[in-house]
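# Commentary on secondary and tertiary structure
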Amino acid sequence: MATPVKLAVVYYSSTGTITEIAKELRDAGLKAGAEVRLLKVAELAPREAIDANPAWAANHDATAGIPEATPEDIEWADAVLFGTPTRFGNVSSQLKQFIDTLGGLWAQGKLADKVYSGFVSSATAHAGQESTLLALYNSIHHFGGITVSPGFTDPAKFADGNPYGTSHVDAQGNNPVDDTTRTAARIQAERAVKMAAALKAAA
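Report follows, based on the coordinates.

Thresholds applied
- Residues take numbers from 1 onward in each chain, read along the sequence in its written order.
- In view of the model being predicted, local features appear only for residues whose pLDDT reaches at least 70, and side-chain atom pairs are presented and counted only at 80 or more, with totals across whole chains, interfaces and linings using the full set of residues.
- With hydrogens and water set aside, each side-chain value is computed from the structure's full complement of heavy atoms.
- Put simply, DSSP H or I for four residues or longer makes a helix, DSSP E for two residues or longer makes a strand, and each gets a number counted from the N terminus.
- Each radius of gyration reported is based on C-alpha atoms, and the globular scaling rule is 2.2 Å times the count of residues to the power 0.38.
- Type-normalised accessible area, obtained with a 1.4 Å probe on protein chains alone, sets the label of each residue: buried when under 20%, exposed when over 50%, and partly exposed for intermediate values.
- Two residues qualify as a contact provided that any one of their heavy atoms is within 4.5 Å of a heavy atom in the partner residue.
- Per-residue accessibility takes into account occlusion by the displayed protein chains alone, with areas from the Shrake-Rupley method and a 1.4 Å probe.
- Neither His nor the chain ends contribute to the count of charged residues, in which Lys and Arg are positive and Asp and Glu negative.
- Where a charge sits is defined by one atom per residue type, namely NZ (Lys), CZ (Arg), CG (Asp) or CD (Glu).
- A helix's residues, less one, multiplied by 1.5 Å, set its expected span.
- Directions are taken from the helix axis to each C-beta atom, and the arc is the one they span.
- In this analysis, rings of Phe, Tyr and Trp, with Trp reduced to its six-membered ring, are considered paired at centre separations within 6.5 Å, and the interplanar angle assigns stacked below 30 degrees, edge-to-face beyond 60, and tilted for intermediate values.
- When the NZ atom of lysine or the CZ atom of arginine is within 6 Å of a ring's centre and also within 35 degrees of its normal, the charge is said to sit over that ring.
- Between the N-to-C directions of two axes lies an angle of 0 to 180 degrees, each axis being a line fitted to C-alpha atoms and, for a helix, fitted only over the stretch in contact.
- Small angles under 35 degrees read as roughly parallel and large ones over 145 as roughly antiparallel, with 65 to 115 read as roughly perpendicular and the rest as oblique.
- In this scheme the handedness of a crossing depends on how the near helix is turned from the far one: anticlockwise by less than a right angle means left-handed, clockwise means right-handed.
- Residues were grouped as follows: Ala, Val, Leu, Ile, Met, Phe, Trp, Tyr, Cys and Pro as nonpolar; Asp, Glu, Lys and Arg as charged; and all remaining residues, including Gly, as polar.

### Some words on the overall build of the protein
Summing up its helical and strand segments, the protein has 9 helices and 7 strands in all. A compact globule built from 203 residues would reach a C-alpha radius of gyration of about 17 Å, and the protein, at 16 Å, matches this within 12%. Summarising its shape, the C-alpha atoms of the protein cover approximately 50 × 40 × 30 Å along the three principal directions. Here the protein holds 203 residues, and 47% of them are scored as buried. Relative to all contacts within the protein whose residues are 6 or more apart in sequence, the contacts with residues 24 or more apart total 78%. Looking at the protein as shown, the accessible area adds up to about 9400 Å², and 54% of this sits on carbon and sulfur atoms. For the protein, the distance from the average position of its 17 positive side-chain charges to the average position of its 22 negative side-chain charges is 5 Å.

In structure tokens:
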């Protein structure tokens, strides 16, 4: 019997939107038969900055029990889903800092031939969601990884309209993660697990 796909969902979230999407991806991965690790990256902001924003402080405290990602988690995984809010159309410094710790694995070729995909949120529409995912995928090209975007491989993807990855507009916290985003996350997780399983079977 084939061994399950090992899926790592690695994310940064300040006020909780990306946390919610990450949990949806985890649940969908589990339902697709994968072994899943839900992992956050280390917070770089000082506590006083976090405490100045009630939503940020609430998410920080609510996710205290979620383990922090390590390079070992990426080495373990067959597929990795990276999540980040947009920061001026780019990846958050917290997630980028974690990616920058993977140089040792990269030098050994241990980041190559894995499935990677990304998910993102922004406060407003057209606020850098696609450019953030494309910027994230630049690192995957350097890894020698296999980018598995959701594309328009399911009719439901025409509802959210982002072929690059799951994305959500949170309107400064006024738009909670909705069914459209959750469906997009399910499609993305299922596709990542399916493609990783095919690669394992072919190896």
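### Quick notes on the environment of Phe 152
Positionally, Phe 152 belongs in the loop between strand 6 (146–147) and helix 8 (157–160). For the pair formed by Phe 152 and Thr 124, sequence separation is 28 residues and the distance between their alpha carbons is 22 Å. Ignoring any residue separated from it by four or fewer positions in sequence, one finds Phe 152 in contact with Lys 157, Phe 158, Gly 161 and Pro 163.

### A look at helix 7 (residues 129–143)
Here helix 7 is 15 residues long and its end C-alpha atoms lie 22 Å apart, about the 21 Å a rise of 1.5 Å per residue gives. Among all positions of helix 7, only Gln 129, Thr 132, Leu 133, Leu 136, Tyr 137, Ser 139, Ile 140 and Phe 143 are buried. Angularly, the buried residues of helix 7 cover 145 degrees about the axis, an arc narrow enough to put them on a single face. In helix 7, the exposed residues that point more than 90 degrees away from the buried face are His 141 and His 142. At the exit of helix 7 stands Gly 144, carrying a positive phi of roughly 80 degrees.

### Side note on unusual backbone geometry
Not every positive phi belongs to a glycine, and Asp 113 is a case in point at roughly 65 degrees. Note on Asp 113: relative accessible area 60%, which makes it exposed. Phi at Gln 172 is positive, roughly 55 degrees, even though this residue is not glycine. Accessibility expressed as a relative area gives 68% for Gln 172, which makes it exposed.

### Quick word on helix 1 (residues 17–31)
In this model, helix 1 (15 residues) spans 22 Å end to end at C-alpha, consistent with the 21 Å of a helix rising 1.5 Å per residue. For helix 1, the complete set of buried residues consists of Thr 17, Ile 18, Thr 19, Ile 21, Ala 22, Leu 25, Ala 28 and Gly 29. Positive backbone phi, approximately 95 degrees, marks Gly 33, located one or two places after helix 1.

### Brief notes about the packing of aromatic side chains
To describe a pair of aromatic rings, one takes the distance between the centres and the angle between the planes. Under the criterion given, the structure shown has 3 aromatic pairs. Considering the side-chain rings of Phe 82 and Tyr 116, the 6.3 Å spacing of their centres and the 15 degrees angle between planes classify their relative orientation as stacked. Here Phe 82 is found in strand 3 (residues 79–87), whereas its partner Tyr 116 is found in strand 5 (residues 115–122), with 34 residues between them in sequence. Here Tyr 116 falls in the buried class, since its relative accessible area comes to 1%. Joined through ring pairs, the aromatic side chains of Phe 82, Tyr 116 and Phe 143 make up one cluster. Above the plane of the ring of Trp 76 lies Arg 37, whose end atom (NZ or CZ) is 3.9 Å from the centre.

### With respect to the packing of helix 1 against helix 9 (residues 179–202)
Contact geometry of helix 1 with helix 9 gives a least axis separation of 8 Å together with a crossing angle of 45 degrees. Here helix 1 is positioned oblique relative to helix 9, judged by the angle of their axes. Of the two elements, helix 1 crosses helix 9, and the hand of that crossing is right-handed. Contact with helix 1, carried on its side by Glu 20, Ile 21, Glu 24, Leu 25, Ala 28 and Gly 29, involves Thr 181, Arg 182, Ala 185, Arg 186, Gln 188, Ala 189 and Val 193 of helix 9 and no other residues of that element. Among the residues making up the contact of helix 1 with helix 9, the classes are represented as 6 nonpolar, 3 polar and 4 charged.

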